[in-house]
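If you want the building blocks of each chain, they are given just below.
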Amino acid sequence: MQEAPAGFVRLPMAGLSDFTARTLPLHVRSEDGHLVGGFRVTPEHCNPAGTCHGGMIATFCDILLAFAGMFENRFEAMILPTISLSIDYLAPARPGGWMQATGEILKTTRSLMFAQGLVRTDGTPSARVNGVFRIPRPDAEAFDTGAWLRDQLGSADRD
């Protein structure tokens, strides 16, 4: 089974979060200045009905929207804490399917970021998501996830 379509870079998540590293093999690419993320659905991501678990889809959406905001903006932050996340599940995703979405940043204020995305599995809409995230005060000493993401994709462009 192919891990990711051409053009995607697998993020080395182990340094960011043990939960994320164990749960989500996240692949990303830049498209028109926006972050596109995706992962291959495996049996480990599925519920007893054999489809991708809603909690897995929620985890993917939560990480993708926050990463998209940090990728597009210079927040100088490690994370954007989630204030709210709303998901509508539209269709099941089965093992082997490629799930991907583009994080669309709708608005940022001094302290909040509003984002949305449409999740597709092999081109079929499978979920839509809206999220609100808190923007922490910039901390030049903190790990800058946005800079890290831009570097990961810049490194891929140089390879």
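The structure reproduced in this document is the subject of the present report. (Residues numbered from 1 in each chain as written. Predicted model: local features only at pLDDT ≥ 70, side-chain atom pairs only at ≥ 80, totals over all residues. Heavy atoms only, no water.)

### Structural notes on the overall build of the protein chain
If you tally the helices and strands in the protein chain, you get 3 helices and 8 strands. Written out in order from the N terminus, the α and β elements of the protein chain read β-α-β-β-α-β-β-β-β-β-α. Compactness check: the protein chain gives a C-alpha radius of gyration of 15 Å against a globular reference of 15 Å for 159 residues, within 12% of the reference. Along the longest, intermediate and shortest principal axes, the C-alpha atoms of the protein chain span 45 × 35 × 30 Å. Across the 159 residues of the protein chain, 43% fall into the buried class. At a minimum sequence separation of 6, the contacts of the protein chain that also span at least 24 residues come to 65%. Summing over all exposed atoms, the protein chain offers an accessible surface of approximately 8300 Å²; the carbon and sulfur share of this is 50%. In the protein chain, 14 side chains carry a positive charge and 17 a negative one; their mean positions are 5 Å apart. (Helix = DSSP H or I, 4+ residues; strand = E, 2+ residues; numbered from the N terminus. Rg over C-alpha atoms; globule rule 2.2 N^0.38 Å. Buried < 20%, exposed > 50% of the residue type's maximum accessible area, 1.4 Å probe, protein only. Contact = heavy atoms within 4.5 Å. Areas by Shrake-Rupley, 256 points an atom, 1.4 Å probe, with all protein chains shown as cover. Lys, Arg positive; Asp, Glu negative; His and termini not counted. Charge placed at Lys NZ, Arg CZ, Asp CG, Glu CD.)

### Observations regarding the environment of leucine 11
With respect to the helices, strands and loops of the structure, leucine 11 is situated in the loop between strand 1 (9-10) and helix 1 (18-23). On the basis of relative accessible area, leucine 11 is assigned to the buried category, the value being 3%. Sequence separation between leucine 11 and tryptophan 148 is 137 residues, and the spatial gap between their C-alpha atoms is 9.9 Å. Beyond its immediate stretch of four places on either side in the chain, leucine 11 contacts Leu26, Val28, Phe67, Trp148, Leu149 and Gln152.

### Considerations on helix 2 (residues 54-72)
Its 19 residues give helix 2 an end-to-end C-alpha distance of 27 Å, which sits within 8% of 27 Å, the value for a rise of 1.5 Å per residue. When you tally the buried positions in helix 2, you get 15 out of 19 residues, the bulk of the element. (Expected span 1.5 Å × (residues − 1).)

### Remarks on the nonpolar core
Core analysis: the biggest nonpolar cluster contains 41 residues, and Leu35, Phe60, Phe67 and Met99 have the highest contact counts within it. Of all the secondary-structure elements, those providing two or more residues to this core are strand 3 (34-40), helix 2, strand 5 (98-102), strand 7 (112-121), strand 8 (124-134) and helix 3 (145-158). Looking at which element gives the most residues to this core, the answer is helix 2, with 13 residues. The contact partners of phenylalanine 60, leaving out residues within four places of it in the chain, are Leu24, Leu26, Gly37, Gly38, Phe39, Met99, Gln100, Ala101 and Val119. (Core = buried A, V, L, I, M, F, W, Y, C linked by side-chain atoms within 4.5 Å.)

### Re the packing of aromatic side chains
Per the stated rule, a full pass over the model turns up 3 aromatic pairs. Taking the centre distance of 5.2 Å and the plane angle of 65° together, the rings of phenylalanine 39 and phenylalanine 60 count as edge-to-face. Here phenylalanine 39 is found in strand 3, whereas its partner phenylalanine 60 is found in helix 2, with 21 residues between them in sequence. Assigned by exposure class, phenylalanine 39 and phenylalanine 60 land together as buried. Pairing phenylalanine 143 with tryptophan 148 gives two aromatic rings, centres 6.3 Å apart and planes at 55°, and the pair type is tilted. Taking relative accessible area as the criterion, phenylalanine 143 reaches 34% and is therefore assigned partly exposed. When its relative accessible area of 15% is taken as the criterion, tryptophan 148 is described as buried. (Phe/Tyr/Trp six-rings, centres within 6.5 Å; stacked < 30°, edge-to-face > 60°.)

### Quick word on a nonpolar patch on the surface
A contiguous nonpolar surface patch, about 270 Å² in accessible area, is contributed by Met78, Ile79 and Phe143. Within the secondary structure layout, isoleucine 79 lies in the loop between helix 2 and strand 4 (82-89). (Patch = residues over 30% accessible without salt bridge, like charges linked within 9 Å, V, L, I, M, F, W, Y side chains within 5 Å. Salt bridge = Lys/Arg side-chain N within 4 Å of Asp/Glu carboxyl O.)

### Things to note about the pairing of strand 2 (residues 27-31)
As paired elements, strand 1 and strand 2 share 2 bridges and run antiparallel to each other. Looking at strand 2, one finds that arginine 10 is bridged to histidine 27. Here strand 2 pairs with strand 3 via 5 bridges, running antiparallel. Counterpart to glutamate 31 in the pairing with strand 3 is histidine 34. The turn linking strand 2 back onto strand 3 is made up of 2 residues, and aspartate 32 within it adopts a positive phi angle of 55°. (Pairing = 2+ DSSP bridges.)

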